[in-house]
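# Understanding the architecture of this molecule
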Amino acid sequence: MAKDEEEFRGGVEERSINEESSSSMDHHQNPNHHSNNSNPNPMQSWWEAISKARSRIHVLSSVLPSFPSLSSLADSDRPARSLLESPDAYLALSSSLSDPLSGSGDDPLCQWLYETFQSSDPDLRLVVFSFVPLLSGLYLSRVVSSSPPESPTTPSLAGFEAVLLSLYASETKARAGKPILISIPDLSQPSLYHAPRNKPSPGAAATTSQSQPPVGVLCPPLEPQVAVKSTKRAYIVAVALDCYYRQISQMPNWSKLDFCQFVAAWAGQNCPCKSEFDDDGDANGATGENFSELRVYEDEDDGIQAAEEGISRLKVAEDYNENGVCSRGSRIPLPWELLQPVLRILGHCLLAPLNSQDVRDAASVAVRCLYARSSHDLVPQAILATRSLIQLDKRARLAAKTAAAASAASNANTPSKTKKPEVFLVSK
């Protein structure tokens, strides 16, 4: 795949050189070109951004000739934003990217995404970010479900990898070789938000001021990558998803919905334990039904039979095809480095107030599938995080239900004013 990526980048660089040569010809033909760059005009910068966005949309319409409605987006006052917020455009690109033969080094749509991300227009880059869940989901699912890499029938995924590597390279350049650090609160204090009641002695205060607050490494420095190796695949996708998370407030709902559906397929768990928190119970989350199962069996055969039934309930109910592929992806390995950005995005999809109900419902299913998968894989960090998200989701839904019921009751109890009888004056 490394050779395919080199050919992919070579084709992109050749087109970039042609664009630079054409812009240099425009520079010689326009004598005021240098003066305009030395004294930038906001109106000129705005018009250049509009022209660049329209050019990229026209290229996209030529790549997808079966969707003629794409070219109409170029006539908008903000074409890049219109492309980002168009569900028809997203459906067109999603259908093309989901084709079984897509993602190769000569895929024109992957080349369009790669070139568009190199643009300095933030709205055009947001368009590429909106397809990160789809690209990541398709790429990881196909890598797992495809035949061995040495097989000649394995489809090339160099186009997907080039786009993901461009996101990774951009983030590597932005971090400038520095890690992401976080300040860890001092748990020896009585509160995380208040000063201690008893003021320390002057000597202790001096010692405390001299000591530095504990710092943890959230993410180590990123190493430059020229190809997607199997040992770095999850990490590169995780960095791309982290870039997506930082722009998630501007992402359309259909992009978030794709992400939630892929995460549910990645987890691949459809066992009953994913819904163990959905029953009403006490404060500890235990129900009377669960307590009734914890009993001592007088007959050994009954105990063995009950244990076998319990184990069978923990098995995954297969709702996939014979290749293990779900409608939106496949079950994949989920290391902690990949789960971290996934959980952050799911938290936004669950709790952000402006998300649609479809996104919240899909995120609720995905986080329960992840909880079941983490329980089977015995990953304590993921179990704690997913369980917390499930509880937050339950409380948010309960609060919304209570508020709706209270609003309906208040409307029913509010006395309505009696209308005064209308008096018609008849002139004699």
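For the chain, an unreviewed UniProt entry supplies the name Hyccin and the organism Nelumbo nucifera. In its Sequence similarities (unreviewed entry) section, UniProt records this for the chain: "Belongs to the Hyccin family."

Another point: helix α6 (residues 108-117). Of all 10 residues that make up α6, nine are buried, and the element is covered over most of its length. Listed as buried for α6 are Leu109, Cys110, Gln111, Trp112, Leu113, Tyr114, Glu115, Thr116 and Phe117. Near the N-terminus of α6, the side chain that reaches the backbone nitrogen of Leu109, with its oxygen 3.0 Å away, is that of Asp107.

Below, the discussion takes up the nonpolar core. Across soluble globular proteins, nonpolar side chains show a tendency to be buried alongside one another. Judged by nonpolar contacts, the single largest core of 80 residues is most densely connected at Leu97, Leu346 and Leu370. No other element matches helix α11 (residues 233-246), which puts nine residues into this core. Two domains share this core, each providing at least three of its residues, namely domain 1 (44-145 + 154-186 + 214-249) and domain 2 (252-276 + 331-407). Not counting the four nearest positions on each side in its chain, Leu370 is found in contact with Val263, Ala267, Leu334, Leu339, Val342, Leu343, Leu346 and Thr386.

This part takes up a nonpolar patch on the surface. Together, Met43, Trp46 and Trp47 make up a nonpolar patch on the protein surface, roughly 380 Å² of accessible area in all. On the secondary structure map, Met43 appears in helix α3 (residues 42-63).

Cut-offs used in this document
Residues numbered from 1 in each chain as written. Predicted model: local features only at pLDDT ≥ 70, side-chain atom pairs only at ≥ 80, totals over all residues. Heavy atoms only, no water. UniProt positions renumbered as here; feature names shortened; annotations may be inferred. Buried < 20%, exposed > 50% of the residue type's maximum accessible area, 1.4 Å probe, protein only. Helix = DSSP H or I, 4+ residues; strand = E, 2+ residues; numbered from the N terminus. Polar contact = N/O pair within 3.5 Å; in protein donor to acceptor, adjacent residues only side chain to side chain. Core = buried A, V, L, I, M, F, W, Y, C linked by side-chain atoms within 4.5 Å. Domains from an automatic or database assignment. Contact = heavy atoms within 4.5 Å. Patch = residues over 30% accessible without salt bridge, like charges linked within 9 Å, V, L, I, M, F, W, Y side chains within 5 Å. Areas by Shrake-Rupley, 256 points an atom, 1.4 Å probe, with all protein chains shown as cover. Salt bridge = Lys/Arg side-chain N within 4 Å of Asp/Glu carboxyl O.

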